[in-house]
Amino acid sequence: MKRREFMTGALSAGVLRAARAAHEWKIGMYLGELDLPFDESLDTARDMGVKRVWFNQLKGERAIADMPEAEADKMVDRVRRRGMEIFILNAGNPFKEIHLEELDLKTLPDQPTFRKQLGDLTKSMEIASRHKIPAVGAFTFAWPGEYNAGKPTWPMRWATRGGIIAAADEEKWVKAFRIVAERAERYGVDVALSMMPWNYTNTTGNFRRLVERTGSRRLKVMWGPADNWNSGEADVSTTGFTNIRPYLHGLHLKDLRVIDGANLKFEYKPLGEGEVDYVTIFRKLGEHRLDVELSVSTHFRPPSGSRIEAMRINLANLRRILDKV
């Protein structure tokens, strides 16, 4: 190698190392995993060194969608007076358990359950807009029979790495989220869509399909690599990252091991001890300088059964993984 080529290569490697070293990770937490009263959950998160939070309810208190303005403002103040921030606000779980195939395309906006949950989502937008919270959260409708017929489409979804969405259902899907996107534009907030095996955005490919058809810059994603892996997306850390990169608001972090994918047998594991290639994922995030939220969840339980211990384990494991990259 010529001296100039060698020096250029060394400089590029040095710049890359410096960029990685300078990258600051935004570590947050989904408070619902703690299953504690709201103030206690905030104090627990802060004691663990977490200042960025996400939640969908206040345990034992009024639903967020039902809060008068003053009460909602007080909720936000309870977070901020601790030196903490809300990076997503959910008012419950909009669209999580609505079966899309049961809706009619023409009357979809007037369907009572959809209208109610759209109203809840809109309430979260109002609060977020007033308090400069960057995003609100929603889900993306359940696969046929998911919550009332024992997941009848699961074998098809596993075999096809995400599932085949019926054309008629896709039209309803897109129509619903164009309505959501219009409201998000009105309030000047993003909508971070959750990923789970039981909803249509179970894989990065399905999410990308929705957002490209909807055509809104307001639709973002809380990327769930473990949920994608559990849905048969074996290349989630590579092709999955490429699919999802332009739309990232954050990552929903947990880990698992698939035992028998076709029969939906799996077990949750501590972060970094399952099958998801988080080292590659975080390396790619750092190399692309993506300023996204890393939201820690758990789902597994240690021998003690303690949710708090599980969260401490996952936070410690996350920090160890980040040190590697």
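Residues numbered from 1 in each chain as written. Predicted model: local features only at pLDDT ≥ 70, side-chain atom pairs only at ≥ 80, totals over all residues. Heavy atoms only, no water.

Chemist: So, unusual backbone geometry: which residues are in play, and what are the values?
Modeler: Phi is positive for D35, which is not a glycine, with a value near 55 degrees. Residue position: D35 is located in the loop between β1 (26-30) and α2 (38-47). Look at D35 and you get partly exposed, because its relative accessible area is 40%. (Helix = DSSP H or I, 4+ residues; strand = E, 2+ residues; numbered from the N terminus. Buried < 20%, exposed > 50% of the residue type's maximum accessible area, 1.4 Å probe, protein only.)

Chemist: Quick rundown of the packing of helix α10 (residues 278-287) against helix α11 (residues 307-324)? Include the residues and the values.
Modeler: Between α10 and α11, whose axes approach to 9 Å, the crossing angle comes to 60 degrees. The angle between α10 and α11 falls in the class oblique. In this structure, the crossing between α10 and α11 has a hand that is right-handed. Here Y278, V279 and F282 of α10 lie close against α11, whose contacting residues are L318, I321, L322 and K324. (Axes fitted to C-alpha atoms, helices over the stretch in contact; angles between N-to-C directions. Parallel < 35°, antiparallel > 145°, perpendicular 65-115°, else oblique. Left-handed = near helix turned anticlockwise from the far one by under 90°. Contact = heavy atoms within 4.5 Å.)

Chemist: Can you break down the side chain of N202 residue by residue, with the values?
Modeler: By the element assignment, N202 lies in the loop between β5 (190-194) and α7 (204-214). By relative accessible area, which is 0% here, N202 ends up buried. A polar side-chain atom of N202 sits 2.9 Å from a polar atom in the side chain of N206. Filtering out sequence-adjacent residues up to four positions away, N202 remains in contact with W143, R157, G162, M196, P197, D227, N228 and S231. (Polar contact = N/O pair within 3.5 Å; in protein donor to acceptor, adjacent residues only side chain to side chain.)

Chemist: Outline the pattern of salt bridges, supporting the account with residue identities and numerical values.
Modeler: Tallying each qualifying case throughout the model produces 26 salt bridges. Connected through shared salt-bridge partners, D39, D43, R46, E61, R78 and R82 make up one network. (Salt bridge = Lys/Arg side-chain N within 4 Å of Asp/Glu carboxyl O.)

Chemist: Can you tell me about the packing of aromatic side chains, naming the residues and giving the values?
Modeler: In this structure the tally under the stated criterion is 16 aromatic pairs. Between F95 and F177 the ring centres are 6.0 Å apart and the planes differ by 85 degrees, which places this aromatic pair in the edge-to-face class. One end of the pair, F95, is in the loop between β3 (85-89) and α4 (112-131); the other, F177, is in helix α6 (residues 167-187), with 82 residues separating them in the sequence. When sorted by exposure, F95 lands in the same class as F177, which is buried. Each residue in the set F95, F114, F141 and F177 is aromatic and connected to the rest through ring pairs, giving one cluster. Directly above the aromatic system of F139 lies the positively charged group of K96, at a separation of 5.3 Å from the ring centroid. Sitting above the plane of the Y147 ring, K151 keeps its charged end 5.8 Å from the centroid. (Phe/Tyr/Trp six-rings, centres within 6.5 Å; stacked < 30°, edge-to-face > 60°. Lys NZ or Arg CZ within 6 Å of the ring centre and 35° of its normal.)

Chemist: Describe in detail helix α3 (residues 69-80), supporting the description with residues and values.
Modeler: One turn of an α-helix holds 3.6 residues; hence residues three or four places apart share an orientation. Here α3 contains twelve residues, and its C-alpha end-to-end distance of 17 Å stays within 8% of the 16 Å for a straight helix at 1.5 Å per residue. Along α3, the positions that sit buried rather than exposed are A72, M75, V76, R78 and V79. End-on view of α3: buried residues confined to an arc of 155 degrees, all on one side of the axis. In α3, the exposed positions that point more than 90 degrees away from the buried face belong to E69, A70 and K74. Elements in contact with the buried residues of α3: α2, β2 (52-55), β3 and α4. (Expected span 1.5 Å × (residues − 1). Arc of directions from axis to C-beta.)

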